[in-house]
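Survey of secondary and tertiary structure
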Amino acid sequence: MMKYREMYHRIMATQSEHFNTCFYCGCIATEYDLVPPLKLAEFYLTTGEEADFYEVPSCKECFDFLKVDKSALLGQRVDVAKAKLKKKYAKAIRVFQLWDPDELNDFDYNLKTSLSAGIQLGEESYARVKNKNFIFEVDGQKRHANYVKADKLSVFGEEFEFFPEALAYASKAYRVPKAKLSDLFAEHGNDFDNAIKAFHDEVEEKAFEKQCREFSKQHKLNLGFIIRIAKLYMKQDDELTLEAALVKLYETHIKKS
C-alpha cells in the first residue's frame, strides 16, 4: 500500500487563520486524513472511479470518526465527519439551542453550573458542525471548497443563517416554547412555518375540545356528538365561531327537547 502514498497531495490553507486547523471542524489539526483511505488507493487507481487523493489536516476526533469510512471524495468525508459530530454532541447542542445563559440566574449553583457547561459544549460543538471549510491550494492551484451548505432558515419571511437564532426569534415572536418548537421543526420537514402553524393548530384544537367538553357536561350530552355537530356547523358556515355553533346546537337539539 505504501507505494501509493506518493499519489496523495497535501491541501494547504490559503489564509493564515486556517493554518494548522482541521478542515472538517476548524479545531487544531494534529493528524492527516487520507482521501481516499490508503488501503483503497489501488482500487480507485485500477477502476478509474473518482477519487481526490488528498492529504487533509484533521483533528484527532474527526480523524478517528473517518478511520472506517471508505469515501473517496473530500465532500463525502466532510458530510460523514459533520454527521458524526452532530450525533455525538446532540444533547449538548440541544441544550445550547434551547437555553439562554440569562435564563439560568434563578437556578441553584449545581444546576446552573451543569447547564452552563452544557451550553458551552453545545455552542462549541455547533460551531464545529457549521464550520465552513477553508479555501486551500493543492500543488499551487487554489481550490474553493466550501462543502457546507449555506441554506438560510426562514421564519415567515425572516431569514437566519443559524438555527439557534431562528429558534429564539420564532419562539418569542410566535409564542411557542423552544423545546416544543424544536421538536415540531424536526417533525415538519425542518420548516419553521409549518412547525409554528402545527403548534397553533394544536392549541386551537385543545381550546375547541375544552369548550365542547364544558358544554357537554353542562347539558349532559356525549362529547363526541357535541364536537361532531359543532364542526359540521362551522364547516357549513366559514364565518361561524365555536360559540355561535354551540348556541345553534343548543337551540336545535337541546332547547326544543
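Residues numbered from 1 in each chain as written. Predicted model: local features only at pLDDT ≥ 70, side-chain atom pairs only at ≥ 80, totals over all residues. Heavy atoms only, no water.

**Focus: the nonpolar core**
Membership of the largest hydrophobic core comes to 45 residues, with the highest contact counts inside it found for Phe-23, Tyr-24 and Phe-192. The biggest single contributor to this core is helix α3 (residues 74–88), with five residues. Among the nonpolar cores identified, the runner-up in size contains 14 residues, and Cys-212, Ile-227, Ile-229 and Leu-242 belong to it. (Core = buried A, V, L, I, M, F, W, Y, C linked by side-chain atoms within 4.5 Å. Buried < 20%, exposed > 50% of the residue type's maximum accessible area, 1.4 Å probe, protein only. Helix = DSSP H or I, 4+ residues; strand = E, 2+ residues; numbered from the N terminus.)

**Thoughts on the pattern of salt bridges**
As enumerated under the stated definition, the model contains 15 salt bridges in all. The salt bridge involving Glu-55 is made with Arg-10; its shortest N-O contact spans 2.3 Å. Of this pair, Glu-55 sits in strand β4 (residues 54–58) while Arg-10 sits in strand β1 (residues 9–10); the two residues are 45 residues apart in sequence, bridging distant segments of the chain. Using a relative accessible area of 6% as the deciding quantity, one classes Glu-55 as buried. (Salt bridge = Lys/Arg side-chain N within 4 Å of Asp/Glu carboxyl O.)

**Quick look at the packing of aromatic side chains**
The final tally for this structure, using the stated rule, is 14 aromatic pairs. With centroids separated by 5.0 Å and ring planes inclined at 85 degrees, the aromatic side chains of Phe-43 and Tyr-44 adopt a geometry described as edge-to-face. Looking at Tyr-44, the relative accessible area reads 14%, which means it is buried. Three or more aromatic residues link up through ring pairs in this structure, and these residues are Phe-23, Tyr-24, Tyr-54, Phe-134 and Phe-136. Over the ring of Tyr-32 we find Arg-10; its NZ or CZ atom is 3.9 Å from the centre of that ring. The ring centre of Tyr-233 lies 4.4 Å from the NZ or CZ of Lys-248, which sits over that ring. (Phe/Tyr/Trp six-rings, centres within 6.5 Å; stacked < 30°, edge-to-face > 60°. Lys NZ or Arg CZ within 6 Å of the ring centre and 35° of its normal.)

**Some words on the pairing of β4**
Most of β4 sits inside the fold, with five of its five residues counted as buried. Here β4 shows a buried face lined by Tyr-54, Val-56 and Ser-58 and a second buried face lined by Glu-55 and Pro-57. Direction of pairing for β1 relative to β4: parallel, over a ladder of two bridges. By the bridge assignment, His-9 is partnered in β4 with Tyr-54. When strand β3 (residues 31–35) meets β4, the two strands line up antiparallel, connected through five bridges. Paired with Leu-34 across the two strands is Glu-55, which belongs to β4. (Pairing = 2+ DSSP bridges.)

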